[in-house]
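This is what each chain is made of:
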Amino acid sequence: MSMFYLLLVALIQGITEFLPVSSSGHLILLPQLTGMQDQGLTIDVAVHVGTLGAVILFFWSDVKAGLAGIPRMLTGRIDTQGSKLAFLLLVATIPVIIVGLIAKVTGLSDAMRSITVIGWTMLIFGLVLYWFDKKGSSVKAASDWNRRDAIILGLWQAIAIIPGTSRSGITITGARALGYTREDSAKIAMLMSIPTIMASGLLLGIDVVGEANIDMMKLAALGAIFAFIAALLALILMMRLLRSISYAPYVYYRVILGLILLTIAYT
């Protein structure tokens, strides 16, 4: 793998992981549209680790509180901000783990990796995001997050198993449908990404154990660093922009890309 291609993969993963435009969809499209060799699972795991580090750093105060609350949660005491957050993140992550395992075991995860599927999901879920962002109320803050909403958002997040859906995008859509503000919808979606990325990375990591050599590990480390920087910058930019604009620019991008992909797929 050339350094240029590694940088390209890391930048795409880092920039698109937390924007509502689907990182997995873009990484699947990259080799299909360019003719380049697929980056492989080792690099996939590495760039996921990089984006995980970025979101943990950005939301460190919340992550720190959640980690501190895990012992109380494990003993059934959901009576502090940290234990509540840890519990809600656990609840919200269960659906995507179950659906992800089913998709992997049945082979659906590989069968759905096509330009046609990504084209349709880009288009459809982009329009769904636009609808709920425009019509949804803004009466809830992240502090209002509860067990019921965690279950609902967990089910929304599970839809992201379909390539091109966007994990952050579909979770933000669900949060806007529930009445959370734009900023707090993004915050909840980003916090939900932490255990989800961990679970995904662990699942992918199992497949690459024993396959990576020293040279590949060096490339993986560089990929993780590049993805970390790109993801952190993308997070900072998106959270600042949401104070003054809607999700419309991301929707326009999804719709245009979806239409282009469907044109390619059906011609």
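Residues numbered from 1 in each chain as written. Predicted model: local features only at pLDDT ≥ 70, side-chain atom pairs only at ≥ 80, totals over all residues. Heavy atoms only, no water.

Q: With reference to specific residues and values, describe the layout of surface pockets.
A: Roughly 410 Å³ of volume is contained in the second largest pocket. In terms of lining, the second largest pocket is formed by 18 residues, of which the most central are Leu-67, Ile-70, Leu-89, Ile-194 and Pro-195. Contributing elements (two or more residues each) for the lining of the second largest pocket: α4 (60-74), α5 (81-106) and α10 (182-208). Classifying every residue of the lining of the second largest pocket by side-chain character gives 15 nonpolar, 2 polar and 1 charged. (1 Å grid on protein atoms, 1.4 Å probe; cavity = no way out; pocket = protein on both sides within 12 Å on 5 of 7 lines; lining within 4 Å. Points joined across faces, edges and corners; volume = space filled by probe spheres on them. Helix = DSSP H or I, 4+ residues; strand = E, 2+ residues; numbered from the N terminus. Nonpolar A, V, L, I, M, F, W, Y, C, P; charged D, E, K, R; others polar.)

Q: How would you sum up the packing of aromatic side chains? Please name residues and give values.
A: Tallying each qualifying case throughout the model produces 3 aromatic pairs. Plain terms: the ring middles of Phe-58 and Phe-59 are 4.8 Å apart, the flat faces sit at 75° to each other, and that makes the pair edge-to-face. Take Phe-58: its relative accessible area is 29%, and that puts it in the partly exposed class. Plain terms: the ring middles of Tyr-247 and Tyr-250 are 6.4 Å apart, the flat faces sit at 45° to each other, and that makes the pair tilted. Residue class for Tyr-247 comes out buried when judged on its relative accessible area of 0%. (Phe/Tyr/Trp six-rings, centres within 6.5 Å; stacked < 30°, edge-to-face > 60°. Buried < 20%, exposed > 50% of the residue type's maximum accessible area, 1.4 Å probe, protein only.)

Q: Describe the pattern of salt bridges, with residues and values.
A: Under the criterion given, the structure shown has 7 salt bridges. A salt bridge links Asp-62 to Lys-187, with the shortest nitrogen-to-oxygen separation between them at 3.5 Å. Placement of Asp-62 in helix α4 and of Lys-187 in helix α10 is noted, with a sequence separation of 125 residues between them. Using a relative accessible area of 13% as the deciding quantity, one classes Asp-62 as buried. Judged by relative accessible area, which is 22%, Lys-187 ranks as partly exposed. With a closest N to O distance of 2.8 Å, Asp-133 and Arg-182 form a salt bridge. Highlighted residues: Asp-133 in helix α7 (residues 115-135) and Arg-182 in helix α10, separated in sequence by 49 residues. Since its relative accessible area comes to 26%, Arg-182 is described here as partly exposed. In this structure, a network of salt bridges that share partners links the residues Asp-133, Arg-176 and Arg-182. (Salt bridge = Lys/Arg side-chain N within 4 Å of Asp/Glu carboxyl O.)

These results come straight from atomic positions and should not be treated as a statement about function.
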